[in-house]
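So you can see what is in the structure, the chains are spelled out below.
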Amino acid sequence: MLPTDSEFLKAYLLIAIVVVLISFRIKNFPKQLMTYFHTLLFTFYVGLLAYFFMDAENFQGGGSLVALFYSALFPAVQLFIFFIEYIIHLIKADR
């Protein structure tokens, strides 16, 4: 069961953006530990989210809002971490 409401489509777009960013980092920085950390963490998250979506009971009684929150929270946090890492990289490059 894969929800296809417009809100979930926005969450899927956010997840796709994170996947593109992680794959870009793997392509350009293959030996960075943080890239492997992000990949491992994101793989765990996608597996957990797939498990969460397979149970139809999670969407009953207003549970779809909780599922939407969980599906958008982690990619948003990971994008924030990418942004912070980029700022730190720029600060180190100026020195």
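Residues numbered from 1 in each chain as written. Predicted model: local features only at pLDDT ≥ 70, side-chain atom pairs only at ≥ 80, totals over all residues. Heavy atoms only, no water.

A. Region of interest: the overall build of the protein. Broken down by element type, the protein carries 3 helices and 0 strands. What you see in the protein, going N to C, is helices and strands ordered as α-α-α. Taking all 95 residues of the protein together, 25% fall into the buried category. For the protein, the proportion of contacts with a sequence separation of at least 24, taken over those separated by at least 6, is 68%. Counting only carbon and sulfur atoms, one obtains 73% of the accessible surface of the protein, whose full area is about 6,900 Å². (Helix = DSSP H or I, 4+ residues; strand = E, 2+ residues; numbered from the N terminus. Buried < 20%, exposed > 50% of the residue type's maximum accessible area, 1.4 Å probe, protein only. Contact = heavy atoms within 4.5 Å. Areas by Shrake-Rupley, 256 points an atom, 1.4 Å probe, with all protein chains shown as cover.)

B. Representation of helix H2 (residues 33-54) in the model. Its 22 residues give H2 an end-to-end C-alpha distance of 32 Å, which sits within 8% of 32 Å, the value for a rise of 1.5 Å per residue. For H2, the full list of buried residues reads Thr35, His38, Phe42, Tyr45, Leu49 and Phe53. The buried residues of H2 all sit within an arc of 90 degrees when viewed along its axis, so they share a single face. In H2, the exposed positions angled more than 90 degrees off the buried face are occupied by Leu33, Leu40, Thr43, Phe44, Tyr51 and Met54. (Expected span 1.5 Å × (residues − 1). Arc of directions from axis to C-beta.)

C. Seen up close, the confidence of the model for the protein. Overall, the prediction assigns the protein a mean pLDDT of 77, with 89% of residues at 70 or greater. No element of the protein has a lower mean pLDDT than helix H1 (residues 6-28), at 75, and none a higher one than helix H3 (residues 63-94), at 81. (pLDDT = per-residue confidence, 0-100.)

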